[in-house]
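Observations on the three-dimensional arrangement
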Amino acid sequence: MVYTVCKEEQRKNRKRGQAEKMKYEHITEGRFIDRPNRFIAHVEINGQVETVHVKNTGRCRELLVPGTQVFLEKSSNPARKTAYDLVCVNKGGRLINMDSQVTNKVVQEWIEAGRWFKDVKIVRPEVTYKNSRFDLYVEYEEKKAFIEVKGVTLEEEGVVKFPDAPSERAVKHLKELEEAVQDGYEAYVFFVVQMKGVRYFTPNRRTHKEFADILAEAAETGVQVIAKDCFVTEDSIAIADEVPVVLTNPQLYEAPELLVEWYRERKRDLPWRHHVNAYRVWVSEIMLQQTRVEAVKPFFERFMTELPTVKDLAEAPEDKLLKLWEGLGYYNRVRNMQKAAQKIEEEYAGKFPENYEEIKALPGIGNYTAGAISSFAYGIPKPAVDGNVLRVVSRLLASDEDIMKASVRTKIENAIEPVIPEDAASDFNQGLIELGAIVCVPNGEAKCEICPLTGICEAKRLGIQNELPVKKKAKARRIEERTVLIFKDGDHVAIRKRPDKGLLAGMYEFPNLDGKLTMDEVTAYSKSIGLAPIRVKKLRNAKHIFSHIEWHMTAYEVIVDELEKNCKEEMIFAHPEEIQKEYSMPSAFSAWKVK
C-alpha cells in the first residue's frame, strides 16, 4: 500500500511550511558523550561536560552516537537541574530534530494557519475519546476529526520508520481511531518526519510487528495515514512535503528500480522478445507453461512460421494444430488458443484486444497470461505472477505462506500491482520472472551473490532463503498401468485416434489397453481383433506423468501378417515417415519411436 503526493502540491507545501516555523531560542552547539538513561545525556559544551535533558524518550541509538554534533536550547529557568534541552542532531550531514514535544505544536499551528483543512472552526489539543487521549481534535466545514501525531526520527538509508521501540500505547490509539471512524468521525495518523530528504515512510515491523499490522488494518478501515517531512535547522522546524507511505512490504516498494535496471542489462535473448506484439507474447506464454525455455524455442519458431497471425490460428485444421503442438503436451492449451483466436476474429475483427479484462475473458487465459500480455505488449501495469514470481516474492518478503494456495497467489498479485512502475511495466514483470528463472532458482540453489535484490531480501537477511518458498506437496497422482502394442506389418504400423474428449483428446496413439498384460495375454488379444501374430517381442517399459495421472506402461512389438485386411478394430496403418509428418502423437509414446 503506497500513498504519494504530486509535485505541485509539494511545491505549495514548501512555501506554506516556511511560514509556520517553530523557533527555538538560545541555541548552543555541543558534542554528545553518552546517555545514562532515557531522560538525560552528557554533552560537551565549550569544553565543559554538561548534564542535559533529552526531549525524546525513544531509543535514538542511531542518532546519539559519541562524538556526534548536537544542538541544545538553553533553559530560561535558572532553577532547573538541567540547563539545556537536546533538540537537534547532525547525523552524517542531515539535521534531525529529535524533540518529541514539538511535533504536536507544529501540526496544530499548521492546521490553524489553514494549511490542511478549509474553514477550520476548532483545533483542540489532548482530547479524550473513549479510553484514549488523542493529540488533536479538529472541526472544519461540517466535519469532525481526531488526529494522532507521531514524531519520526529513525532513518535508515533514506527510509524513515516508526516506532524505534515497541509502543502498546500507539497500538491502543490506532484501534480506537478505527472505532472513531465507525462512529462517523474522520481519523488521521500524522507521522511528522523530523528531517528532510527521505525516500519514504514505513512502519517498523522488526521493532513492533503488531503496530505495523494494526496500522495497515486501520488504513483499510478508513483511518487516513499521512507522513510529511520537515525543514530543519539548528533552531527551527517547519512542516514541508508529503512523504510516500508504504504500509506493507517495503521490499516490494524498493524492488522496481533495482530490478528494471538489472533486467535491461542482463535479460536473455529469446525469440519472443523480438518484434513484440500481443499474439507473439500470447503464443510464447502458453507454450512456456510447464515447459522449459530451451525446449520451447524451436516450437515457437515453427508455430510462428506456420501460423503467423490470429487469423491463421483461428482457421487452422485441428490435425495441423495438434501436429504443431506435438511434444509440448497439455493439448487443451492449443485448443483453447484456437477458440480464443476465433473469438478475436468474431468479436474484435481480428484485432487482439488491448484491455486487461477483455484479454482475461478469452478462452484459456487466466490472471497470469492476461497480465503478461497486458504488460509485455501494451505496458499496462498488471501483475503476471507465475511460479518464478511466487518464489522470488516469498523469499523477498520471507513469507512462510504456502504458495500452492490460490489465496496466497491472489495476495501476492495484490501486493505487486501497486508497485509496478507505469513506465516500465513490461521490464518489471519480465524482470521478476527472469530473476526467478536464472538467479532466485528453486531447490535450495538461490544465487544470492549475483541477485540485484540481495540488499533488500528479508529471507537473505534471516538466512532462510533456501528454506523458501513453502510449497506443500500436491495430492499424489493416480497411477494407471497400461499395455502399449506396436502392431507392425512390414513397414507399416498401426495407430488409432483417441476420443474427442478427455485425456489427449483427438490425438493419435499406439493401441493400448488397461492393465499390465503378459505376452500370452497380448497374443490372445491380438487374435481376438482378427490379427495373426507371427512374433511377440517385449519392449522396454516406460513412464509418463500427466498433471494428475501417471501411466506406467508395458510395451510389446507384435509382428502380424496382413495387418490392414483382417483387423476388426478401427485403426490407421501408416509408414513411420507418414506418421511423423501427418499425425500428432503425444510424447507419452515417444519411448517407442518406430522406423
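Anything mentioned here points back to the structure above.
Calculation criteria
- Residues numbered from 1 in each chain as written.
- Predicted model: local features only at pLDDT ≥ 70, side-chain atom pairs only at ≥ 80, totals over all residues.
- Heavy atoms only, no water.
- Salt bridge = Lys/Arg side-chain N within 4 Å of Asp/Glu carboxyl O.
- Helix = DSSP H or I, 4+ residues; strand = E, 2+ residues; numbered from the N terminus.
- Buried < 20%, exposed > 50% of the residue type's maximum accessible area, 1.4 Å probe, protein only.
- 1 Å grid on protein atoms, 1.4 Å probe; cavity = no way out; pocket = protein on both sides within 12 Å on 5 of 7 lines; lining within 4 Å.
- Points joined across faces, edges and corners; volume = space filled by probe spheres on them.
- Nonpolar A, V, L, I, M, F, W, Y, C, P; charged D, E, K, R; others polar.
- Core = buried A, V, L, I, M, F, W, Y, C linked by side-chain atoms within 4.5 Å.
- Contact = heavy atoms within 4.5 Å.
- Pairing = 2+ DSSP bridges.
- Expected span 1.5 Å × (residues − 1).

Looking at the pattern of salt bridges
- Scanning the entire structure with this criterion turns up 38 salt bridges.
- The partner of glutamate 148 in a salt bridge is lysine 150, with the nearest N and O atoms 3.2 Å apart.
- Two residues, glutamate 417 and lysine 382, come together in a salt bridge whose shortest N-O distance is 3.0 Å. Residue glutamate 417 is found in the loop between helix H14 (406-416) and helix H15 (425-438), and its partner lysine 382 is found in the loop between helix H12 (367-378) and helix H13 (387-397); the two are separated by 35 residues along the sequence.
- Classification of lysine 382 as buried rests on a relative accessible area of 18%.
- Salt bridges linked by common partners bring Arg478, Glu480, Arg482 and Asp514 together as one network.

Regarding the layout of surface pockets
- Within this model, the largest pocket holds a volume of roughly 1600 Å³.
- Mapped by element, the contributors of at least two residues to the lining of the largest pocket are helix H6 (278-288), H12, H13, H14 and H15.
- Broken down by element, the residue count for the lining of the largest pocket peaks at five residues, all from H15.
- Its residues assigned to classes, the lining of the largest pocket comprises 20 nonpolar, 15 polar and 12 charged.
- In terms of lining, the second largest pocket is formed by 37 residues, of which the most central are Arg205, Asn249, Pro250, Gln251 and Glu458.

Some remarks on the nonpolar core
- In terms of nonpolar packing, the biggest core is built from 97 residues, with Trp282 and Phe303 touching the most fellow members.
- Among the elements that line this core, the one with the most residues is H6, at eight residues.
- Contacts of tryptophan 282, omitting those with residues within four sequence positions, involve Leu313, Met337, Ala340, Ala341, Phe352, Ile365, Thr369 and Ile373.
- Counting residues in each nonpolar core, the second largest holds 48 residues, with Phe162, Ile214, Leu215 and Ala216 among its members.

Regarding the sheet that holds strand S14 (residues 186-193)
- The seven strands are arranged S2-S17-S16-S14-S11-S10-S9 in an open sheet whose pairing can be described as mixed. The sheet terminates laterally at strand S2 (22-23) and strand S9 (120-129), the two strands that pair on one side only.
- Sheet topology note: the S14/strand S16 (residues 224-233) ladder contains five bridges and is parallel. What sits directly across from phenylalanine 191, in S16, is alanine 227.

Looking at empty space enclosed by the protein
- Applying the stated criterion to the full structure yields one cavity of 30 Å³ or more.
- Roughly 120 Å³ of internal volume is contained in the largest cavity.
- If you tally residues by element for the lining of the largest cavity, the top one is H13, at three residues.
- Looking at the lining of the largest cavity residue by residue, the class counts come to 10 nonpolar, two polar and two charged.

Describing the pairing of strand S4 (residues 40-45)
- Residues Ala41, Val43 and Ile45 point to one face of S4 and are all buried, whereas Ile40, His42 and Glu44, pointing to the other face, are not buried.
- Pairing of strand S3 (residues 27-34) with S4, which is carried by three bridges, proceeds in the antiparallel orientation. When the bridges of S4 are listed, aspartate 34 appears paired with histidine 42.
- The turn joining S3 and S4, which pair antiparallel and follow one another in sequence, is formed by five residues.
- Across six bridges, S4 lies against strand S5 (residues 48-54) in antiparallel orientation. Bridge pairing links valine 43 to glutamate 50 in S5.
- With antiparallel pairing between neighbouring strands as the criterion, S4 and S5 make up a hairpin whose turn holds two residues, including asparagine 46 at a positive phi of roughly 50 degrees.

Topic: the pairing of strand S20 (residues 492-497)
- Both strand S19 (residues 478-489) and S20 contribute to a ladder of two bridges, which runs antiparallel. The residue bridging aspartate 489 from the neighbouring strand is histidine 492, located in S20.
- Where S19 folds back onto S20 in an antiparallel hairpin, the turn is made up of two residues, including glycine 490, whose phi is positive at roughly 65 degrees.
- Bridge analysis of S20 against strand S25 (residues 572-574) gives three bridges, and the strand direction is antiparallel.

Looking at the environment of histidine 26
- Within the secondary structure, histidine 26 is located in the loop between S2 and S3.
- In this structure the C-alpha to C-alpha distance between histidine 26 and glutamate 73, which are 47 residues apart in sequence, comes to 5.6 Å.

Observations concerning helix H10 (residues 332-347)
- Helix length check: H10, at 16 residues, gives a terminal C-alpha distance of 22 Å against a target of 22 Å (1.5 Å per residue), a fit within 8%.
- Buried within H10 are the following residues: Arg333, Val334, Arg335, Met337, Gln338, Ala340, Ala341 and Ile344.
- Of the surrounding elements, those touching the buried residues of H10 are H6, helix H7 (293-306), helix H8 (310-315) and helix H9 (318-325).
- Phi turns positive, to about 55 degrees, at alanine 349, one or two residues after H10.

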